[in-house]
Amino acid sequence: MCPRDSFDTNSKIVKEQPESYTDSKDPYESPLIEERYEIINGIRYDLKPSPGLDHQLLVSKILNIIYDTCRPKGIVIVSPMDIYLDEDNILQPDVIFISNENMHIIHDQKIKGAPNLVVEILPPQSGKHDKIHKKEVYERFGVPEFWVVDPQHEIVDQFVLNREKYQLQGTFSEEHLLTSPNLDCIHIDLRALFQEKIQYRQ
């Protein structure tokens, strides 16, 4: 993803359309595909093309695992879902977890504040955007925990906020069980997580 243009924060942001994707009687004549983008430090980053199959399989697997083990302690959400941090920073992580104690950040069906955990799965072409730009924003706005999942190398970098700065808790590969120092309900077998991706390549 790369910056396309500066975003005017005074303009209206239109998100997922609640109604039809077409404005004509023929559904194939004029499709209205909703634009997806993030705003980071006032710059708009288009989220296209859509993620690949491996990416979406990992998103689904992480969602299911966290949902199964953490359901009594909070909610887990997947993109597209905006996290509104301020007018210049509106992001869409791949996976979001919000604890019961942190539910006050949800207003009118929107997330306005720092979740407990955000997960970004790197695209195959470049990880600079997620590993540098978004990491700096999550750190600055106080997101307690941030994971960077690298499908190509099958590793997870886990960053934990300590005195307002991210520290690398560890880099975990398939032989590890990923746990969280902040959320005791999380324990992910990374071999099983990445195996899902491998199966669909064969």
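Residues numbered from 1 in each chain as written. Predicted model: local features only at pLDDT ≥ 70, side-chain atom pairs only at ≥ 80, totals over all residues. Heavy atoms only, no water.

## Focus on the packing of aromatic side chains
Inference 1: Under the counting rule described, the total for this entry stands at four aromatic pairs.
Inference 2: Pairing Tyr138 with Phe146 gives two aromatic rings, centres 5.1 Å apart and planes at 55 degrees, and the pair type is tilted. Of the two residues, Tyr138 and Phe146, neither departs from the other in class, the shared state being buried.
Inference 3: Ring centres 6.0 Å apart and planes at 20 degrees place the aromatic pair Phe146 and Phe159 in the stacked group. Separated by 13 residues along the polypeptide, Phe146 in strand 11 (residues 145-150) and Phe159 in strand 12 (residues 155-162) bring together distant segments of the chain.
Inference 4: With relative accessibility at 12%, the residue Phe159 sits in the buried group.
Inference 5: One aromatic cluster is present, built from ring pairs that chain together Tyr138, Phe146, Phe159 and Tyr166.
Inference 6: Stacked on the ring of Tyr37, the Lys or Arg Arg44 has its end atom at 4.1 Å from the ring centre. (Phe/Tyr/Trp six-rings, centres within 6.5 Å; stacked < 30°, edge-to-face > 60°. Buried < 20%, exposed > 50% of the residue type's maximum accessible area, 1.4 Å probe, protein only. Helix = DSSP H or I, 4+ residues; strand = E, 2+ residues; numbered from the N terminus. Lys NZ or Arg CZ within 6 Å of the ring centre and 35° of its normal.)

## So, the state of the cysteines
Inference 1: Evaluation of the coordinates by the stated rule reveals one disulfide.
Inference 2: Paired through a disulfide, Cys70 and Cys185 show a sulfur-sulfur distance of 2.0 Å. Judged by the sign of its S-S torsion, about 100 degrees, the cystine formed by Cys70 and Cys185 is right-handed. Taken together, the positions of Cys70 in helix 1 (residues 53-70) and Cys185 in the loop between strand 14 (177-179) and strand 15 (187-189) put the pair 115 residues apart, joining distant regions of the chain. (Disulfide = S-S within 2.5 Å.)

## Describing the environment of Val148
Inference 1: With respect to the helices and strands, Val148 occurs in strand 11.
Inference 2: Taking relative accessible area as the criterion, Val148 reaches 3% and is therefore assigned buried.
Inference 3: Expressed as a C-alpha distance, the spacing of Val148 and Gln158, which sit ten residues apart in the sequence, is 6.6 Å.
Inference 4: With residues up to four places along the chain from it excluded, the contact list for Val148 reads Glu120, Leu122, Lys131, Ile155, Val156, Asp157 and Phe159. (Contact = heavy atoms within 4.5 Å.)

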